[in-house]
Amino acid sequence: MSTQTPILVTGASGFIAIHTIAQLLQKGYAVRGTLRSLAKEAEVREAISRLGQDPASALFVSANLNQDAGWREALENVATVLHIASPFPLDEPEDEDELIKPAVEGTLRVLRFAHEAGVKRVVQVSSNAAVSAGHTAENRTFTEADWSIVENKIGAYSKSKTLAERAAWEFIHGAENKNKMEMVAINPPFVLGPVPNKNYNTSSELIRTLLLGQTPGTARIKMAVVDVRDVATAIISAMEVEEANGKRFLVSAGELWLKEIADLLRAQYAPRGYKIPRLQIPSFVARIVARFDKKVALIINTLDWDYRLSSEQAEQILKWTHRTPQEAVLAMAESLMEQGIL
Ligand code: NDP
């Protein structure tokens, strides 16, 4: 692959995108990133520098998932698109379409403009939210053959990711894809690891809340996690590895119960004065709280759910290796302190 044809990264201001851009630059790729607002350009360049890469060669252009404007120009002379942009808010929206529309219509918009521009391959950053959500009674290992059940109460975000990935594959396998444009999906679980700037995102909220002792205890919930640096590597391998075409890849470093995350943080940071909760909230208590608290209500179906995500396919085809979940947790905590977010 020529290192001169730019790789288009959508949503260049995001947590995962900034790490991906830094790794692309490190490998000598030319990078073009889309931003909803170019007002964020200076901050994105600064974050890339903080990750040890020179952002001078990267170009940033304006494009919004909800509008056609800017995409044709963004895709000029581009052969590979890393589609990472998608709304990932902290709170459940009043109207689920606030997430579903930009996720689904935005993905189709990017695919249509990419197809028109003669793009060869799109890497779609999906999620385990498109794989295992809504299967909460099934204590088993999930693989890429699984899809989330949108008919169950899975929340607007998981629904948006599931419907967006489904729509993307339908486009790729449909008549509209006359050029046989290729697609690979990367499905990370909860992404931790170092935050590159002060804009902590939804991913860092859990670690921040635990470190600040803003919760009385942890619910009995299992989280599959992965380090952002390993997600970026997987995204780049997905664009480079020929046999990845047409496949989705779960990329999980492993699972931790929330209490294990809290215990890990306490062992490391209690000596620095952080008061991380010890209590594991019994699930029947969490169920009662959920009647009054919308946020707790969202996670109620995942209480006591014991599951695993298999990353075997990524290990075999993408030759993907990863840091431990513990390393991802601690790297995020350390970076939040370094950035002065705590
Ligand atoms: P961030 O919130 O940090 O990044 C989201 C990016 O999407 C931002 O650049 C944001 O731009 C952009 N975006 C949102 N809405 C629009 C829109 N209407 N038009 C254009 N851009 C838009 O999240 P992450 O980096 O964590 O997430 C990136 C991707 O990874 C998402 O697709 C997410 O679903 C997926 N993912 C994330 C996981 C995680 O735990 N972090 C887990 C699994 C998947 P702006 O800065 O302007 O808001």
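The rules behind each value
- Residues numbered from 1 in each chain as written.
- Predicted model: local features only at pLDDT ≥ 70, side-chain atom pairs only at ≥ 80, totals over all residues.
- Heavy atoms only, no water.
- Helix = DSSP H or I, 4+ residues; strand = E, 2+ residues; numbered from the N terminus.
- Rg over C-alpha atoms; globule rule 2.2 N^0.38 Å.
- Buried < 20%, exposed > 50% of the residue type's maximum accessible area, 1.4 Å probe, protein only.
- Areas by Shrake-Rupley, 256 points an atom, 1.4 Å probe, with all protein chains shown as cover.
- Lys, Arg positive; Asp, Glu negative; His and termini not counted.
- Charge placed at Lys NZ, Arg CZ, Asp CG, Glu CD.
- Pairing = 2+ DSSP bridges.
- Right-handed = clockwise from strand over helix to strand, strands pointing away.
- Expected span 1.5 Å × (residues − 1).
- Contact = heavy atoms within 4.5 Å.
- Polar contact = N/O pair within 3.5 Å; in protein donor to acceptor, adjacent residues only side chain to side chain.
- Core = buried A, V, L, I, M, F, W, Y, C linked by side-chain atoms within 4.5 Å.
- Axes fitted to C-alpha atoms, helices over the stretch in contact; angles between N-to-C directions.
- Salt bridge = Lys/Arg side-chain N within 4 Å of Asp/Glu carboxyl O.

## A short note on the overall build of the protein chain
Moving on, step 1. If you tally the helices and strands in the protein chain, you get 12 helices and 14 strands.
Moving on, step 2. The globule rule puts the C-alpha radius of gyration for 342 residues at 20 Å, and the 20 Å found for the protein chain is close to it.
Moving on, step 3. Based on the C-alpha atoms only, the size of the protein chain along its principal axes is roughly 55 × 40 × 40 Å.
Moving on, step 4. Here the protein chain holds 342 residues, and 55% of them are scored as buried.
Moving on, step 5. Summing over all exposed atoms, the protein chain offers an accessible surface of approximately 15100 Å²; the carbon and sulfur share of this is 50%.
Moving on, step 6. Charged side chains of the protein chain number 38 positive and 41 negative; the gap between the two group centres comes to 2 Å.

## Considerations on the pairing of strand 2 (residues 31-35)
Looking along a regular strand, one sees the side chains alternate between the two faces of the sheet.
Moving on, step 1. Summarising burial for strand 2: 5 of the 5 residues are buried, a large majority.
Moving on, step 2. Along strand 2, one buried face is formed by V31, G33 and L35 and the opposite face, lined by R32 and T34, is buried too.
Moving on, step 3. In terms of strand pairing, strand 1 (residues 7-10) meets strand 2 through 3 bridges, oriented parallel. What sits directly across from V9, in strand 2, is G33.
Moving on, step 4. In terms of handedness, the path from strand 1 via helix 1 (residues 15-26) over to strand 2 forms a crossover that is right-handed.
Moving on, step 5. Across 4 bridges, the pairing between strand 2 and strand 3 (residues 59-62) is parallel. The residue of strand 3 that forms the bridge with T34 is V61.
Moving on, step 6. The parallel pair strand 2 and strand 3 is bridged by helix 2 (residues 41-50), and the resulting crossover is right-handed.

## Considerations on unusual backbone geometry
A negative phi holds for most residues other than glycine; trans holds for most peptide bonds.
Moving on, step 1. Residue N77 is not a glycine yet carries a positive backbone phi of 65 degrees.
Moving on, step 2. With respect to the helices and strands, N77 occurs in the loop between helix 3 (71-74) and strand 4 (80-83).
Moving on, step 3. The class of N77 is exposed, set by a relative accessible area of 57%.

## Some thoughts on helix 7 (residues 228-240)
Moving on, step 1. In a regular helix each residue adds 1.5 Å, so 13 residues correspond to 18 Å; helix 7 covers 19 Å between its end C-alpha atoms and thus fits that length.
Moving on, step 2. Within helix 7, 10 of the 13 residues are buried, which leaves it mostly tucked inside the rest of the structure.
Moving on, step 3. Those residues of helix 7 that fall on the buried side of the exposure criterion are V228, D230, V231, A232, A234, I235, I236, S237, A238 and M239.

## Notes on the side chain of H135
Moving on, step 1. Tracing the chain through its elements places H135 in the loop between strand 5 (121-125) and strand 6 (141-142).
Moving on, step 2. Relative accessible area serves as the criterion here: at 8%, H135 is assigned to the buried category.
Moving on, step 3. Those residues within four positions of H135 in sequence are excluded, and the remaining contacts are R140, F142, W147, S148, I149 and W305.

## Thoughts on the environment of T34
Moving on, step 1. Inspection of the secondary structure puts T34 in strand 2.
Moving on, step 2. Separated by 26 residues in sequence, T34 and L8 place their C-alpha atoms 7.5 Å apart.
Moving on, step 3. Those residues within four positions of T34 in sequence are excluded, and the remaining contacts are L8, V9, T10, G11, A12, V61, A63, W71 and A74.
Moving on, step 4. A distance of 3.1 Å separates the side chain of T34 from the backbone nitrogen of G11, its partner in a polar contact.

## Here we look at the nonpolar core
Moving on, step 1. Core analysis: the biggest nonpolar cluster contains 73 residues, and L24, L82, I186, I207, I235, I261 and L265 have the highest contact counts within it.
Moving on, step 2. For L265, the residues in contact, after removing those within four places along its chain, are I207, L210, L211, A270, I276, V329, L330 and A333.
Moving on, step 3. In this structure, V81, L111, V119 and W169 belong to the second largest nonpolar core, which totals 28 residues.

## Looking at the sheet that holds strand 12 (residues 254-257)
Moving on, step 1. If you walk across this open sheet you meet the 3 strands as 8-10-12, and the pairing is mixed. At either end of the open sheet lies a strand with only one pairing partner, and these are strand 8 (190-192) and strand 12. Taken pair by pair, the neighbouring strands of this sheet meet at an average axis angle of 50 degrees, ignoring direction.
Moving on, step 2. Two strands pair when backbone bridges link them, and strand 10 (residues 222-227) and strand 12 are joined in this way by 4 bridges, in the antiparallel orientation. The partner of V225 across the bridge, within strand 12, is G254.

## A few points about the pattern of salt bridges
Opposite charge on two side chains makes pairing possible when the charged atoms of those side chains draw close.
Moving on, step 1. Tallying each qualifying case throughout the model produces 20 salt bridges.
Moving on, step 2. Taking the shortest distance from any N to any O, the salt bridge between E41 and R45 comes out at 3.0 Å. Taken as a pair, E41 and R45 lie in helix 2 at a separation of 4 residues, close to a single helical turn.
Moving on, step 3. A salt bridge links R112 to E176; the shortest N-O distance between them is 2.6 Å. Here E176 lies in the loop between helix 5 (155-173) and strand 7 (182-187) and R112 lies in helix 4 (residues 97-116), a separation of 64 residues in the sequence.

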